[in-house]
Amino acid sequence: MPSLFNSLVIVFLSFSFIDLVSSQAPGTRHSHCLFAFNDTLYMFGGTVDWGTQAATNYFHSAQLPFSTLSTPWKPENINNVTPLQDPACVVEPSLGYALVIGGGNQLNLPNPGIQIYNFKTKEWNESELKNTYFPTFPSELTKPIYRPAAVLLASKLIFYIFEFAETEKATGSYLLDLGQTPWKWTAISRNSTQKIMSSPGLASTKGNAFIFGGCGPPSNDSYIYNQIYGYLPTPYALPAPIADAAVGILNDQLMVIVLETGSQIENQQMFMIPLDLKTMKLGIQTIPTGVPANTNNTLMRNRANYVQLPGSDTIVIYGGVTSWPTGNTSSSMIAYNMTTRAWTTNVSMVTNIPSNQYQLVKVNGLDLENGLKFGNSTTYDEPKSSNLPTDPTDAKKKNHLLTSTIIGISIGVIGGLGLLGGISAYIFLSLKKKRLLAEKRESMHANNEVVF
């Protein structure tokens, strides 16, 4: 018969296990985020119904391949991480980190602002990582910021955009450079006419972030963010307001799956709008075919979340609220295949997909082919014209750079002139010496002296 001590140990370990890992499959979920690394799909945070935030079962993974009708979810480590609803999640594959930025919680827990998951160690918010890279985190981003969006703009460079906070109307966007130590946050300015909405559709290619709509209220606005030129209006107009959207890119085709238009969403099918990146022209909106067995899975919803699997032609969408304002929360997963432009139940990695094999068309006469001025994150320049960052040291840096450049050019010119003068003097003296020797030889011949 087990002793009381052993029984207590078993109970303790049982509760510790509940603390360390999610206790069940995700189930119904909205206001969560999806991200993927290698061959694994992850889901973090969210709300299990209209008013209950996930407090224990909020981090799961599913290894590919699988069917959306039977997803092999398993719980993952939730030690040392704060559960959140409506965060933005983005993966930096070269570092092996997932970043969870923004969001809020109903559990009266401090808002961390940013949390880091290490895919290699499977640990959250490791102390060494926090002490090395977190000191520069902007204090304003520790406020509850619901439904922001983030995308990897280039290697080690993240574009982060947010609009809504429960207690304050916070709007803005940042660049986060992971190539510097500590990580560098740079605020991005914009014109007052450029609206930033919460939960926009977001994707990036060649250093450009493509932004579609957003809610609060639903928006017809769309922009391109380019690091050199800042925010640019697009040459195309969205055919309908977009409150929620899933966006993916397959070579030269960008596809916007409209999850919600802001109007009545009950019994309305999602539709897809293609954008040709070679011409910057929108195609005809269509309702995708290949509806899965449960046709309700492809109805519009808000507060769902999506991810394009890395190196794949598949967009995965999970959960969301399918009725408003009653708040019927979904537990369904659906997948969209960008090659066939149809819904599919098969989720797998696809290899040998062409990428970036096209030329971006100019927008307003501006070349967007490489959105990064110097082509890498550690030496990027700030946007031109009025779209300047709020970092007060930038002007001093640029003045120092200009002064140093002028001094360097001046020294180079003076040095070049000195070198040219030295060569001229050498040639002159050499010719003079030869002339004197010739005159001496002639004199010695004339006096019948021996000439050596």
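For the structure itself, consult the block above.
Throughout this description, residue numbers start from 1 for each chain and increase along the sequence as written. Local features in this predicted model are restricted to residues of pLDDT 70 or higher, and side-chain atom pairs are both shown and tallied only at a pLDDT of 80 or more, whereas totals for entire chains, interfaces and linings draw on every residue. As a rule here, side-chain values cover all heavy atoms of the structure and leave hydrogens and water aside.

Looking only at helices and strands, the protein has three helices and 26 strands in total. Partly exposed residues are those whose accessible area sits between 20% and 50% of the maximum for their type, while under 20% is buried and over 50% is exposed, using a 1.4 Å probe and protein chains only. Classification of the 452 residues of the protein by burial places 50% in the buried group. Here the analysis covers contacts within the protein between residues at least 6 apart in sequence; of these, 57% occur between residues at least 24 apart. Numbering of helices and strands runs from the N terminus; a helix is a DSSP stretch of H or I covering at least four residues, while a strand is a stretch of E covering at least two. Here a residue-residue contact requires only that any non-hydrogen atoms of the pair lie within 4.5 Å.

What follows concerns the sheet that holds strand E1 (residues 33-37). At least two bridges found by DSSP between two strands is the condition for calling them paired. The strand order E1-E2-E3-E5 describes an open sheet built from four strands, whose pairing is antiparallel. At either margin of the open sheet sits one strand with a lone partner, and together these are E1 and strand E5 (74-75). Relative to strand E3 (residues 59-63), strand E2 (residues 40-44) is paired through five bridges, and the arrangement is antiparallel. From the neighbouring strand, leucine 41 faces E3, where its bridge partner is alanine 62.

To continue, consider the nonpolar core. Only buried Ala, Val, Leu, Ile, Met, Phe, Trp, Tyr and Cys residues count toward a nonpolar core, and they belong to the same one when joined by side-chain atoms within 4.5 Å. Among the nonpolar cores identified, the biggest contains 43 residues, and Phe210, Phe212, Leu254, Val256, Ile257, Leu277 and Ile317 are the most heavily contacted of them. Sorting the residues of this core by element identifies strand E15 (208-212), strand E18 (244-250), strand E19 (253-260), strand E20 (271-276), strand E23 (314-318) and strand E24 (333-337) as the ones contributing at least two each. Top contributing element to this core by residue count: E19, with six residues. For leucine 254, the residues in contact, after removing those within four places along its chain, are Phe210, Phe212, Val247, Gly248, Ile249, Ile273, Pro274, Leu275 and Leu277. Ala88, Leu99, Ala150 and Ala187 belong to the second-largest nonpolar core, a separate cluster that totals 22 residues.

To continue, consider the side chain of arginine 29. Examined against the element boundaries, arginine 29 turns out to sit in the loop between helix H1 (4-20) and E1. Counted charges follow a simple rule, with Lys and Arg positive, Asp and Glu negative, and His plus the chain ends left uncounted. By definition here, a salt bridge exists when the distance from a side-chain nitrogen of Lys or Arg to a carboxyl oxygen of Asp or Glu is within 4 Å. One buried charged residue, arginine 29, forms no salt bridge at all, with the nearest opposite charge on aspartate 49 at 9.5 Å. Here glycine 45 takes part through its backbone oxygen, which lies 2.9 Å from a polar atom of the side chain of arginine 29. Pairing of N or O atoms within 3.5 Å defines a polar contact, subject to two protein rules: one partner must be a possible hydrogen donor and the other a possible acceptor, and residues neighboring in sequence count only if both atoms are side-chain atoms.

Applying the stated criterion across every chain, the model contains five salt bridges. Ionic pairing is found between aspartate 86 and arginine 303, a salt bridge with its closest N-O pair at 2.9 Å. Of this pair, aspartate 86 sits in the loop between E5 and strand E6 (88-92) while arginine 303 sits in the loop between strand E21 (281-282) and strand E22 (305-308), and the two are 217 residues apart along the sequence. One salt bridge connects aspartate 252 with lysine 278, and the closest N-O pair in it is separated by 2.7 Å. With aspartate 252 in the loop between E18 and E19 and lysine 278 in the loop between E20 and E21, the pair connects residues that are 26 residues apart, well separated along the chain.

Our focus in this paragraph is the packing of aromatic side chains. Only Phe, Tyr and Trp rings are paired, with Trp represented by its six-membered ring, and only when their centres lie within 6.5 Å; those with planes under 30 degrees apart are stacked, over 60 edge-to-face, the remainder tilted. Applying the stated rule across the entire model yields 25 aromatic pairs. Residues tyrosine 42 and phenylalanine 59 carry aromatic rings whose centres are separated by 5.9 Å and whose planes lie at 20 degrees to one another, so their mutual orientation is stacked. Of this pair, tyrosine 42 sits in strand E2 while phenylalanine 59 sits in strand E3, and the two are 17 residues apart along the sequence. Just as tyrosine 42 is buried, phenylalanine 59 falls in that class too. Where phenylalanine 59 meets tryptophan 124, the ring centres are 5.2 Å apart and the plane angle is 70 degrees; that geometry is what we call edge-to-face. Of this pair, phenylalanine 59 sits in strand E3 while tryptophan 124 sits in strand E9 (residues 123-124), and the two are 65 residues apart along the sequence. The burial state of phenylalanine 59 is the same as that of tryptophan 124; both residues are buried. Three or more aromatic residues joined by ring pairs form one cluster here, namely Phe35, Phe37, Tyr42, Phe44, Tyr58, Phe59, Tyr117, Phe119 and Trp124. Lying across the ring of tyrosine 358, lysine 206 places its NZ or CZ 4.3 Å from the centre. A ring is considered to have a charge above it if a Lys NZ or an Arg CZ atom is located within 6 Å of its centre and within 35 degrees of its normal.

Points on a 1 Å grid, built from protein atoms alone, make a cavity when a 1.4 Å probe fits but cannot get out and make a pocket when they are open with protein on both sides within 12 Å along at least 5 of 7 lines; residues with an atom within 4 Å of a point are the lining residues. Grid points are joined across faces, edges and corners, and a volume is the space filled by probe spheres set on the points. For the coordinates displayed, the defined rule picks out one cavity of 30 Å³ or more. Considering only enclosed or pocket space, the largest cavity measures out at about 80 Å³ in volume.

This brings us to the state of the cysteines. Working definition of a disulfide: a covalent bond connecting the sulfur atoms of two cysteines. Cysteine sulfur atoms are paired as a disulfide whenever they fall within 2.5 Å. Tallying each qualifying case throughout the model produces one disulfide. There is a disulfide in this structure between cysteine 33 and cysteine 89, and the S-S distance comes to 1.8 Å. On the sign convention where negative is left-handed, the bridge of cysteine 33 and cysteine 89, at about -40 degrees about the S-S bond, is left-handed. Here cysteine 33 is found in strand E1, whereas its partner cysteine 89 is found in strand E6, with 56 residues between them in sequence. Here cysteine 33 and cysteine 89 have matching classes, each one buried.

It is worth spelling out the pairing of strand E17 (residues 230-233) at this point. The sheet contact formed by strand E16 (residues 222-226) and E17 spans four bridges and is antiparallel. Bridged to asparagine 226 within E17 is glycine 230. Here E16 folds back onto E17 in antiparallel fashion, the turn holding three residues.

A two-sided burial pattern is seen for strand E13 (residues 184-187), the buried positions comprising Lys184 and Thr186 on one face and Trp185 and Ala187 on the other. In this structure, strand E12 (residues 172-177) lies alongside E13, joined through four bridges in antiparallel fashion. Counterpart to aspartate 177 in the pairing with E13 is lysine 184. Taken together, E12 and the strand that follows it, E13, pair antiparallel across an intervening segment of six residues.

Quick look at the sheet that holds E16 now. Here four strands make up an open sheet; going across it, the order is E14-E15-E16-E17 and the pairing antiparallel. Pairing within the sheet leaves two strands with one partner each, and these edge strands are strand E14 (201-205) and E17. Each neighbouring strand pair of the sheet contributes to a mean axis angle of 25 degrees, computed without reference to strand direction. As judged from the five bridges shared by E15 and E16, these two strands associate in the antiparallel manner. The residue bridging phenylalanine 210 from the neighbouring strand is isoleucine 224, located in E16. Orientation is described by axes fitted as lines to C-alpha atoms, over the contacting stretch for helices, and by angles from 0 to 180 degrees between their N-to-C directions.

These results come straight from atomic positions and should not be treated as a statement about function.
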